[in-house]
Amino acid sequence: MLKRVIIKLSGEAIGDDAFNTKSVSGYSDPIINDIVRQIIQVTKTGTQVSLVVGGGNYWRGRQANPEMDRVKADQMGMLATVMNALYLADAFRRQGKKAKVVTPIPIGNITTLYDKDSTLEWLSEGTVIINAAGLGHPMFSTDTITALRAAELEADCILFAKSIDGVYDADPKKNEDARKFRTLDYHSAITKNLQVADMTALQLAQEAGIASYVFSLNAPESITLACSYPKTHSLKGTYIHVSAKEDYYE
């Protein structure tokens, strides 16, 4: 098992449309409860888990109004991630696991201000850390904070839990001939513009020397298997190497 991981969850993955159903809360509790169960399971094996959650189930920036100010749109997105993080933290509480929501900006007594040393101490105690509010500044995505926290906390791997089962050389939803990579390196992901994550995040992860693994959240026991990578072969995601290697297709 990996010792310390940063898991990126999209807001859409935990939203109420994840199972094409509507709920009072606006969240897909079956999916959230399963995510929480798996994370608790991997922490029992010694893996330290820090999450970054997006806010796409609430807010997609200026998609609501293209004329909206970018800064205000991004600030609303940050607040959306805080709401998601609080909901996830309470889901952990309901399953008997301590989780702490940390943000780079003070939000009264609702969240805890991020600090590296304190976060490492909490992780060592088995607490799940949920990062919210991005970098606290506009113009940056949740991909960027994922890579930044991975670098700061010296994570073994960045785990991108997505709706798609890996990285393809084209959009598989639009191109039936799209081929999936089993492995590639950051240089290829960046130069080929493969839409794994934003460029800033990929470059930061590469410079920090931290590999990434892209997998489908919908696969059975996906988080459990991803945290044991590379020992598992049943979760057929895409491994992104730090050093230059020949791209390998599935």
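Check the entry above for the structure.
A quick note: this is a predicted structure, and the numbers were derived from the prediction, not measured.

**Q** Is there a simple way to explain the environment of Asn33 in this structure?
**A** Turning to its location among the elements, Asn33 is positioned in helix H2 (residues 29-44). Sequence separation between Asn33 and Arg94 is 61 residues, and the spatial gap between their C-alpha atoms is 9.2 Å. Those residues in contact with Asn33, other than ones at most four positions away along the chain, are Arg94 and Gln95.

**Q** Mind showing me how you'd approach the packing of aromatic side chains here?
**A** Given two aromatic rings, their pairing is described by the distance between the two centres and the angle made by the two planes. Evaluation of the coordinates by the stated rule reveals 3 aromatic pairs. Ring centres of Tyr27 and Tyr58 lie 6.0 Å apart, and the angle between their planes is 85°; this geometry places the pair in the edge-to-face category. Here Tyr27, found in the loop between helix H1 (11-14) and H2, pairs with Tyr58, found in the loop between strand E2 (48-53) and helix H3 (70-94); they are 31 residues apart in sequence, far enough to count as distant. Given the relative accessible area of 39%, Tyr58 is considered partly exposed. Summarising the aromatic geometry, the rings of Tyr213 and Phe215 are spaced 6.1 Å apart at their centres and angled 20° between planes, so their arrangement reads as stacked. By relative accessible area, which is 0% here, Tyr213 ends up buried. The buried category is assigned to Phe215, whose relative accessible area is 1%. The structure contains a cluster of three or more aromatic residues connected by ring pairs, namely Tyr27, Tyr58 and Tyr87. When the ring centre of Tyr87 is taken as origin, the NZ or CZ atom of Arg94, which lies over that ring, is 5.7 Å away.

**Q** Just checking my understanding: could you explain unusual backbone geometry for this structure?
**A** If a residue is not glycine, its phi is most likely negative; likewise, a peptide bond is most likely trans. Within the chain, Glu154 stands out as a residue other than glycine whose phi angle is a positive 55°. Along the chain, the position of Glu154 falls in the loop between helix H5 (142-152) and strand E6 (157-162). You can call Glu154 exposed: its relative accessible area is 56%.

**Q** What's the story with the packing of H2 against H3 in this structure? I'm lost.
**A** The packing of two helices is summarised by the inter-axis angle and the distance between the axes. Running from amino to carboxyl end, H2 crosses H3 at an angle of 65°, the nearest separation of the two axes being 10 Å. The handedness of the crossing between H2 and H3 comes out as right-handed. Counted together, Asp29, Ile32, Asn33, Val36, Ile39 and Ile40 of H2 and Tyr87, Leu88, Ala91, Phe92 and Arg94 of H3 form the full contact between these two elements.

**Q** How do you make sense of helix H4 (residues 116-124) when you look at a structure like this?
**A** Given 3.6 residues per turn, any residue in an α-helix points the same way as the ones three and four places further on. Three or more residues of H4 are buried, namely Thr119, Trp122 and Leu123. Projected down its long axis, H4 carries its buried residues within an arc of 100°, all on one side. Structural note: H4 exposes Asp117 and Ser124 on the side pointing more than 90 degrees away from its buried face. Residues of H4 that are buried make contact with strand E1 (4-9), E2, strand E3 (99-103), strand E4 (112-113) and strand E5 (128-131). Backbone nitrogen of Asp117 and a side-chain oxygen of the N-cap are separated by 3.3 Å at the start of H4; the cap is Asp115. At the C-terminal side of H4, Gly126 shows a positive phi close to 95°.

**Q** How should I be thinking about the packing of H5 against helix H7 (residues 199-208) in this particular structure?
**A** Running from N to C, H5 and H7 point in directions that differ by 10°, and their axes come no closer than 8 Å. Comparing their axes, H7 and H5 come out roughly parallel. For the pair H5 and H7, contact is made by Asp143, Thr144, Ala147, Leu148 and Ala151 and by Thr200, Ala201, Leu204, Ala205 and Ala208, respectively. The residue inventory of the contact of H5 with H7, partitioned by class, reads 7 nonpolar, 2 polar and 1 charged.

**Q** Any chance you could explain the nonpolar core here in plain terms?
**A** One recurring pattern in soluble globular proteins is that nonpolar side chains are buried together. With 41 residues, the main nonpolar core has Leu51, Ile130 and Leu159 as its most contacted residues. Within the second largest apolar cluster, 29 residues are counted, among which are Val102, Val167, Ala197 and Ala201.

**Q** Just to check I follow, could you spell out the pattern of salt bridges for this structure?
**A** When charged atoms on two side chains of opposite charge get close, those side chains can pair. Within the structure shown, the criterion is met by 10 salt bridges. Between Asp90 and Arg94 there is a salt bridge, with its nearest N and O atoms 2.6 Å apart. Of this pair, Asp90 and Arg94 are both found in helix H3, 4 residues apart, which corresponds to roughly one turn of the helix. Classification of Arg94 by relative accessible area gives partly exposed; the value is 41%. One salt-bridge network, in which partners are shared between bridges, spans Asp34, Arg37 and Glu221.

**Q** Help me understand the pairing of strand E8 (residues 180-185), please; the structure alone is not making it clear to me.
**A** Consecutive side chains along a regular strand alternate between the two faces of the sheet. In terms of residue burial, E8 counts as a mostly covered element, since 5 of its 6 residues are buried. Pairing analysis gives 2 bridges linking E8 to strand E11 (residues 248-249), with the strands arranged antiparallel. The residue bridging Phe181 from the neighbouring strand is Tyr249, located in E11. Summarising the sheet, E8 and strand E10 (residues 238-241) pair through 3 bridges and their orientation is parallel. Pairing of Leu184 across the sheet is with Ile240, part of E10.

Reading the values: rules and limits
Residues numbered from 1 in each chain as written. Predicted model: local features only at pLDDT ≥ 70, side-chain atom pairs only at ≥ 80, totals over all residues. Heavy atoms only, no water. Helix = DSSP H or I, 4+ residues; strand = E, 2+ residues; numbered from the N terminus. Contact = heavy atoms within 4.5 Å. Phe/Tyr/Trp six-rings, centres within 6.5 Å; stacked < 30°, edge-to-face > 60°. Buried < 20%, exposed > 50% of the residue type's maximum accessible area, 1.4 Å probe, protein only. Lys NZ or Arg CZ within 6 Å of the ring centre and 35° of its normal. Axes fitted to C-alpha atoms, helices over the stretch in contact; angles between N-to-C directions. Left-handed = near helix turned anticlockwise from the far one by under 90°. Arc of directions from axis to C-beta. Polar contact = N/O pair within 3.5 Å; in protein donor to acceptor, adjacent residues only side chain to side chain. Parallel < 35°, antiparallel > 145°, perpendicular 65-115°, else oblique. Nonpolar A, V, L, I, M, F, W, Y, C, P; charged D, E, K, R; others polar. Core = buried A, V, L, I, M, F, W, Y, C linked by side-chain atoms within 4.5 Å. Salt bridge = Lys/Arg side-chain N within 4 Å of Asp/Glu carboxyl O. Pairing = 2+ DSSP bridges.

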